[in-house]
Amino acid sequence: MPEWKSTLCPYCGVGCGLLVRVERGAVTKVKGDPDHPANFGDICAKAVHLPPALRTSDRLVAPQIRWRRDGAHERVPWEVALRFTADRLRDILTAHGPDAIAVYASGQLTTEEYYVAGKLAKGFLGTNNFDTNSRLCMASAAAGYTRSLGADGPPSSYEDVDAAECLFLIGTNTADCHPIVFKRLRRRKLAAPDDVFVIVADPRWTETADLADLHLPLRPGSDIALLHGMLHVLWKDGLLDRAFIHARTSGWEDLERVIERYPPERAAELTGLSREIIVTAALRFGAARRALTLWSMGINQSHVGTDKNAALINLHLATGQIGRLGTGPFSLTGQPNAMGGRETGGLAHLLPGYRTIADPEARAVVERHWGLAPGSIAPRPGRSALEIFEGLARGDVRAVWIVCTNPAASMPETDLVEKALRQADVVIVQDAYHPTETTRFADVLLPAAQWPEKDGVMTSSERRLTYLPKLVDPPGEAWPDTRIFTRFAHEMGWKASFPYETTAEIFDEFATLTAGTPCDYSGVTHARLRAEGTLQWPVPAPDHPGTPRLYTDRRFHTTDARARFIAVEHDPPVEEPDDAYPLMLTTGRVRDHWHTLTRTGKVMPLTSRTPEPVLEVNTRDARRRAIQDGDFAEVASRRGKVVAQCRVTDTIREGVCFLPFHWGRSFGFYKSANNLTLSARDPLSAQPELKVCAVRVRRLTEVTR
Ligand SMILES: Nc1nc2c(c(=O)[nH]1)N[C@H]1C(S)=C(S)[C@@H](COP(=O)(O)OP(=O)(O)OC[C@H]3O[C@@H](n4cnc5c(=O)[nH]c(N)nc54)[C@H](O)[C@@H]3O)O[C@H]1N2
Ligand SMILES: Nc1nc2c(c(=O)[nH]1)N[C@H]1C(S)=C(S)[C@@H](COP(=O)(O)OP(=O)(O)OC[C@H]3O[C@@H](n4cnc5c(=O)[nH]c(N)nc54)[C@H](O)[C@@H]3O)O[C@H]1N2
Ligand code: SF4
Ligand SMILES: [Mo]
């Protein structure tokens, strides 16, 4: 009898529990786990269709080396691949120093993988150039929480959805991207249609907007103006929580002076919305006893992403909508373990346990934990994702080790990324599949085991830790990522510091290091998660039951325990439309695909529903260009071109068009949205502005019909 084993979904940050059927060593069926508190048995299409994505003919099953740049990849034994990697990195260390090496990893790694990789880079290779694709994803939310509340970490839980009276969804297409959270939102709305008010702020009328009582089709990039406009209305109407502001926050006076300058008329001008709709949104938010805001990339992927997060948190602080059931500024995590990445210090300025590299005391604690001499961890933060690739292109960085991410498809400005990879002295790529847009550039290919061929822990959006058991063997000679890092460390002569035989040992080493930090889960072990099920951090002791909600005592992680208002200003997108490039392009996701298609792109039911990238164009913009629904168009930005079929529609704001980014150049050079995007970024979070660039669109054929 085949057994159903419980685990976590490897796709999005909702973190649904799955039941997986294994037959003859392979995953044959996947369904929702009724006992998992994130989804109670629900499941979305991507997860249902996992089985055919796992064992495809393009799985990377053996290490390979390309001895010469113009040569082919050749299969080699693991020992050779690891020795080659170690030799090359040692040469670069000697010749150019540790800052010439960079590791670029991913929010899809397990917590243990993240932790070992970070320890290897920051502690032992001596480079803080360890960054991840979370830089393209959650960096602004992490920076935003830290600046306003004193520490990263979403304060809310999914159960807050069931209690909220106002649900404010801004810059999130929850229906397509966090489908099981969306189901919960829908259930809440349908159960109490008169008591629950749903606001959706998105330049597009998405599936998510279908649920909205109020849809705010704002101009891309204008969220701060909208949020300030709403706060202005509440301020004028005396709907603020003055007691909370007085007792639990700082910085209100400075913010007040800014808010004063954002009456709804001005907000309307900046956002392209009507004054009335902004006032209505404000009053609905302000009247709710419990208001919950959910957001993701429409907020984060901006050159003012951290400020957008601040404006949003300001609104919650000013109305006291935090630290209670049904409330909170709740950022939805994209990847399944982007949260775990933040906890383990998986960004170039962080150390494990929400510590920062700039903090000498934090460095000392971590050095002791890793058995390193004082001063071993370099005091300067390393390069962020884009800076790694810019460094490679310029020759300041010589080697890059890319793990579980596909930057040649997912980074802005693909030309720049490809140039960087060609320019590098050595490119190591550790992936489950080959070829991908990135593995093509590898000098060394390291075959990784993927879900569920290895075990580990991941943290979801609501700070919930789930243990993922190993359910099947990896194909060929693929190894779990932890094993690859550990064996590489041995090759470098650091065996005593990387003695791990099991992932449970790695987890314990990391969990101990979180003691006393905001993300303290020193009370968690693999054994406990296996026996008791999932836990929400903080979990500071072995008998601690976990924490559904942060800040219930209204004490924040700042030095004076007060949350901070941040007086931010609206700032238009870096590249505004002009005569040459008159439209705004925004990019994002579709329901049926996951990122760069290495898995969903191989599943017939998904690809047949969504075979190609489609450009959404507003009816009026299309008419001006004689474009009809179904026509092919050329989309050009200052950086490149795309050709796509058009969907002419009123569901997108006039002046804006949308293109999904899933298709990299290997599907056709002119299909890749990141031919067009720009690498301008937020000065605080270093997150790129993937949501706005200027483009021109013209019909491909010149014949008029
Ligand atoms: N099906 C599917 N689900 C996924 C993923 C996937 O690849 N496929 N990826 C996962 C990951 S890693 C992530 S990060 C999340 C992302 O989840 P989302 O953030 O929901 O997805 P996106 O499509 O990137 O962008 C969301 C919306 O932002 C809107 N938007 C664009 N510009 C602006 C703006 O300036 N302001 C506002 N308010 N809105 C704007 C877009 O129109 C879009 O509808 O999804 C996760 N879930
Ligand atoms: N234009 C535009 N670009 C974007 C975005 C956007 O909205 N617009 N969104 C950005 C965001 S939010 C994100 S998160 C990124 C995502 O971008 P990427 O991280 O580049 O996308 P994935 O396709 O998920 O890449 C994961 C890679 O890891 C491999 N893999 C899977 N499992 C394992 C494993 O267990 N171990 C190893 N070693 N490898 C494995 C997969 O085969 C795949 O090659 O894209 C960003 N890029
Ligand atoms: S909503 Fe996300 S976590 Fe849940 S089944 Fe779908 S992809 Fe997996
Ligand atoms: Mo993401």
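Please read these numbers as outputs of a predicted model, since none were measured by experiment.

1. Remarks on the packing of aromatic side chains
If you walk through the whole model with that rule in mind, you get 21 aromatic pairs. Taking the centre distance of 5.3 Å and the plane angle of 45° together, the rings of Tyr11 and Trp594 count as tilted. Separated by 583 residues along the polypeptide, Tyr11 in the loop between strand S1 (3-8) and strand S2 (17-23) and Trp594 in the loop between strand S23 (583-588) and helix H23 (604-609) bring together distant segments of the chain. Taken together, a centroid distance of 5.9 Å and an interplanar angle of 20° make the contact between Phe507 and Tyr521 stacked. Within this pair, whereas Phe507 is found in helix H21 (residues 503-513), its partner Tyr521 is found in the loop between H21 and helix H22 (526-532), the two being separated by 14 residues in sequence. Take Phe507: its relative accessible area is 1%, and that puts it in the buried class. Classification of Tyr521 by relative accessible area gives buried; the value is 0%. An aromatic cluster is present here, built from Tyr115, Trp370, Phe507, Phe510 and Tyr521 joined pairwise through their rings. The ring centre of Phe658 lies 3.5 Å from the NZ or CZ of Arg204, which sits over that ring.

2. A word on the domain arrangement of the protein chain
Partitioning the protein chain into structural domains gives domain 1 (3-53), domain 2 (64-136 + 336-488), domain 3 (139-331) and domain 4 (583-699). Centre-to-centre separation of domain 1 and domain 3, based on C-alpha positions: 32 Å. Every contact between the two is made by twelve residues of domain 1 and, on the other side, ten residues of domain 3. Between domain 1 and domain 3 lies a buried interface of about 770 Å² when both sides are counted; carbon and sulfur atoms form 60% of it. Viewed at the interface, domain 3 and domain 1 are joined by two salt bridges. In this structure, Asp42 and Lys183 form a salt bridge, with 3.4 Å as the shortest nitrogen-oxygen distance.

3. Quick notes on the site of ligand 3
Close to ligand 3 lie Cys9, Tyr11, Cys12, Gly15, Cys16, Cys44, Lys46, Ala47, Pro179 and Ile180, which account for all nearby residues. Of all elements in the fold, only helix H1 (45-48) and helix H7 (179-191) reach the threshold of two or more residues within the shell around ligand 3. For the shell around ligand 3, the class distribution of residues is eight nonpolar, one polar and one charged.

4. Here's the deal with the site of ligand 2
In the neighbourhood of ligand 2, 33 residues make up the surrounding shell, with Asn133, Ser410, Asp431, Lys454 and Thr596 lying closest. Within the contact set of ligand 2, an oxygen atom lies 3.1 Å away from a side-chain nitrogen or oxygen of Lys691. Bound to the protein, ligand 2 loses 99% of the 920 Å² it would expose on its own. Among the secondary structure elements, those contributing two or more residues to the shell around ligand 2 are strand S17 (426-431) and S23. Here the residues of the shell around ligand 2 sort into twelve nonpolar, 16 polar and five charged. Split by domain, the shell around ligand 2 shows at least three residues from each of two domains, domain 2 (64-136 + 336-488) and domain 4 (583-699).

5. Let's talk about the environment of Gly476
Within the secondary structure layout, Gly476 lies in the loop between strand S20 (464-468) and helix H20 (481-491). According to the relative accessible area criterion, Gly476 is exposed, its value standing at 63%.

6. Side note on the sheet that holds strand S21 (residues 535-536)
As summarised here, the arrangement of the three strands in space is S19-S20-S21, forming an open sheet in which the pairing is antiparallel. The open sheet is flanked by strand S19 (456-459) and S21, the only strands paired with a single partner. Examined bridge by bridge, S19 and S20 share four bridges and lie antiparallel to one another. Following the sheet pairing, Met458 is matched in S20 by Thr466.

7. Digging into the pairing of strand S18 (residues 444-447)
What you see with S18 is no split at all: Val444 and Leu446 on one side and Leu445 and Pro447 on the other are buried throughout. As judged from the two bridges shared by strand S4 (residues 64-65) and S18, these two strands associate in the antiparallel manner. Note on S18: the bridge partner recorded for Ile65 is Val444. Relative to S18, S17 is paired through four bridges, and the arrangement is parallel.

8. Overview of helix H17 (residues 385-394)
Counting buried positions over the ten residues of H17 gives eight, a clear majority of the element. Along H17, the positions that sit buried rather than exposed are Ala385, Leu386, Ile388, Phe389, Glu390, Gly391, Leu392 and Ala393. Those residues of H17 hidden inside the fold are in contact with strand S6 (101-105), strand S7 (130-132), strand S16 (399-403), helix H18 (407-410) and helix H19 (414-423). Trailing H17 by a residue or two, Gly395 shows a phi angle of about 95°, which is positive.

9. Remarks on the pattern of salt bridges
Any two side chains of opposite charge can pair, so long as their charged atoms come close to each other. In total, this model carries 50 salt bridges according to the counting rule given. In this structure, Arg135 and Asp131 form a salt bridge, with 2.8 Å as the shortest nitrogen-oxygen distance. The burial state of Arg135 is the same as that of Asp131; both residues are buried. Of the charged contacts, one joins Arg638 and Asp578 as a salt bridge, the two residues approaching to 2.5 Å between their closest N and O atoms. Residue Arg638 is located in the loop between strand S25 (632-636) and strand S26 (641-649), and its partner Asp578 is located in the loop between strand S22 (563-564) and S23; the two are separated by 60 residues in the primary sequence. For Arg638, a relative accessible area of 43% translates into the label partly exposed. Overall, Asp578 belongs to the partly exposed group, its relative accessible area being 30%. One network of salt bridges, with partners in common, ties together Asp415, Glu418, Arg422 and Arg665.

Cut-off values and rules
- Residues numbered from 1 in each chain as written.
- Chains lettered and ligands numbered in written order.
- Predicted model: local features only at pLDDT ≥ 70, side-chain atom pairs only at ≥ 80, totals over all residues.
- Heavy atoms only, no water.
- Phe/Tyr/Trp six-rings, centres within 6.5 Å; stacked < 30°, edge-to-face > 60°.
- Helix = DSSP H or I, 4+ residues; strand = E, 2+ residues; numbered from the N terminus.
- Buried < 20%, exposed > 50% of the residue type's maximum accessible area, 1.4 Å probe, protein only.
- Lys NZ or Arg CZ within 6 Å of the ring centre and 35° of its normal.
- Domains from an automatic or database assignment.
- Contact = heavy atoms within 4.5 Å.
- Buried area = accessible area lost by both parts, 1.4 Å probe.
- Salt bridge = Lys/Arg side-chain N within 4 Å of Asp/Glu carboxyl O.
- Near = heavy atom within 4 Å.
- Nonpolar A, V, L, I, M, F, W, Y, C, P; charged D, E, K, R; others polar.
- Polar contact = N/O pair within 3.5 Å; in protein donor to acceptor, adjacent residues only side chain to side chain.
- Areas by Shrake-Rupley, 256 points an atom, 1.4 Å probe, with all protein chains shown as cover.
- Pairing = 2+ DSSP bridges.

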